[in-house]
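Next come the chains, spelled out residue by residue.
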Amino acid sequence: MTETTTSSSDSSAGSDSSAGTEQAGTWRDDFSRVLSPVFGSPQLDLVRGQGSKVWDASGKEYLDLLAGIAVNALGHCHPAWVKAISEQAGTLGHISNFFTSPPQIALASKLHEILDLPAGSAVFLSNSGTEANEAAFKMARRAGGGGRPFVIAVEGAFHGRTMGSLALTAKAAYREPFAPGVPGVVHVPYGDVDALAAAINDTCAAVFIEPVQGEVGVRTHPAGYLQKARELTRSAGALLVLDEVQSGMGRTGHWYAHQDPEIGEGVVPDIISSAKGLGGGMPIGATITVGAENTKLLEAGQHGTTFGGNPLASAAALAVIDTIETEDLLTHVRDTGQWLRGELEQVAVVKSVSGAGLLLGVEIDGDAKAAAARALEAGFIINPVTPERLRLAPPLTITREELQPFLTALPGLIAG
Ligand SMILES: *Cc1c(COP(=O)(O)O)cnc(C)c1O
């Protein structure tokens, strides 16, 4: 075992094999012989998924309340998603960015539409959340024509694992082994308007904020914080970057969390990063510049990617957006999320519930890691995001009927 963290919004955690089943199957040995140790020992060997359920190699069924860490927006193997990918794979899979393709243009157009972007806004497509933030970081370095030496991020933030995004990530344990990191990142205390005001000045390039912080146990910001951040960045001439990698694509019952008036407080950011649920399981990331001025931050040739925006990933993301629309999943997420929250709050061993829509943090009176291990035994995949908080991020399609057995089992899972 090399991994000791209990968190996992970046998929590296839940790595303690004690959280899994007892069996020391050969797949575990095979895994450790041929795969990198960075994720620790996997909890399960999964072979199949359908809707909100997955099955392991022994045939045991699990209700997936984590959805690949807020990725499988439509659940597993949704027919519309499978069809879009299958048809696109049989038509045109990859072409390089010397060329474009209908799914790429259609996807970007759809993102403009659901974000109600002003003219001149633009979508840069990549392959992951960390890449989406890397592009945003490079844009920040170009803010005001370049020469602004620092950016601000918030304590508790998770922005990714590549060197630029890693510098923005708050947790020192993730950064310190890789010193020297990318310079020029200042972390300010969470929820503290005065600290932000004290840190920002007209040499600041950008402020990076997750509208909902996932890694620290799913928390939104205190009322007024985002609005104040918008005011401060505007008067300093700095960019406001919203990392919606986890909170976007319907997760909170809005296309992007900042579009929820309660979370976003009407704030219009300069840059939005998106990934995770965007592809519904196909790797894709997007960095969205709001307005023509922000789109000009990167000129032709200043950034690039080989895979980004390829027809296959674009077709998958397009199918996710189309299905969220045709199945009215934003309404479903708001309704189901509110109901789930209410039900969770009635569980005696639950101390508090945070988050929005179907991205919930559940503070429990007990050990989250032990509860998640018992849940797995009982056939429920949940995430012990901190020692005392469980994270739930099920498929957006999940129903109350599917959630009910978990709610019934929860007191026993927590009490042990
Ligand atoms: C998961 C996550 C990332 C990193 O995304 P990857 O696809 O793992 O690189 C960045 N920001 C937030 C808020 C995330 O939740």
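Below, the structure is looked at part by part. Predicted model, so just to flag it, every value in this text is computed and none were measured.

### Observations regarding the overall build of the protein
The secondary structure content of the protein amounts to 15 helices and 17 strands. A globule of 416 residues ought to have a C-alpha radius of gyration of about 22 Å, and the protein, at 21 Å, matches this closely. With the principal axes as the frame, the protein shows a C-alpha extent of 55 × 55 × 45 Å. In the protein, the proportion of contacts linking residues at least 24 apart, taken out of those at least 6 apart, comes to 72%. For the protein, the computed accessible surface area is about 16,600 Å², with 56% contributed by carbon and sulfur atoms. Looking at charge distribution, the protein has the averaged site of its 29 positive side-chain charges lying 3 Å from that of its 45 negative ones.

### Details of helix H12 (residues 311–326)
Taking 1.5 Å of rise per residue, the 16 residues of H12 would be expected to cover 22 Å, and the 22 Å separating its terminal C-alpha atoms lies within 8% of that figure. Taken together, the buried positions of H12 are Pro311, Ala313, Ser314, Ala315, Ala316, Ala317, Leu318, Ala319, Val320, Ile321, Thr323 and Ile324. If you follow the buried residues of H12, they end up packed against helix H3 (79–89), helix H4 (102–115), strand E4 (122–126) and helix H13 (329–345). The opening residue of H12, the one whose side-chain oxygen lies 3.0 Å from the backbone nitrogen of Leu312, is Asn310.

### A look at the sheet that holds strand E3 (residues 61–64)
Pairing is mixed across the open sheet formed by four strands, whose spatial order is E1-E2-E3-E15. The open sheet has two edge strands, strand E1 (46–50) and strand E15 (380–381), and neither has a second partner. Strand direction decides the pairing type here: E1 and strand E2 (residues 53–56), joined by four bridges, are antiparallel. Within the sheet, the bridge partner assigned to Leu46 lies in E2 and is Asp56.

Each value, and the rule that gives it
- Residues numbered from 1 in each chain as written.
- Predicted model: local features only at pLDDT ≥ 70, side-chain atom pairs only at ≥ 80, totals over all residues.
- Heavy atoms only, no water.
- Helix = DSSP H or I, 4+ residues; strand = E, 2+ residues; numbered from the N terminus.
- Rg over C-alpha atoms; globule rule 2.2 N^0.38 Å.
- Contact = heavy atoms within 4.5 Å.
- Areas by Shrake-Rupley, 256 points an atom, 1.4 Å probe, with all protein chains shown as cover.
- Lys, Arg positive; Asp, Glu negative; His and termini not counted.
- Charge placed at Lys NZ, Arg CZ, Asp CG, Glu CD.
- Expected span 1.5 Å × (residues − 1).
- Buried < 20%, exposed > 50% of the residue type's maximum accessible area, 1.4 Å probe, protein only.
- Polar contact = N/O pair within 3.5 Å; in protein donor to acceptor, adjacent residues only side chain to side chain.
- Pairing = 2+ DSSP bridges.

Nothing here speaks to function; it is all geometry.
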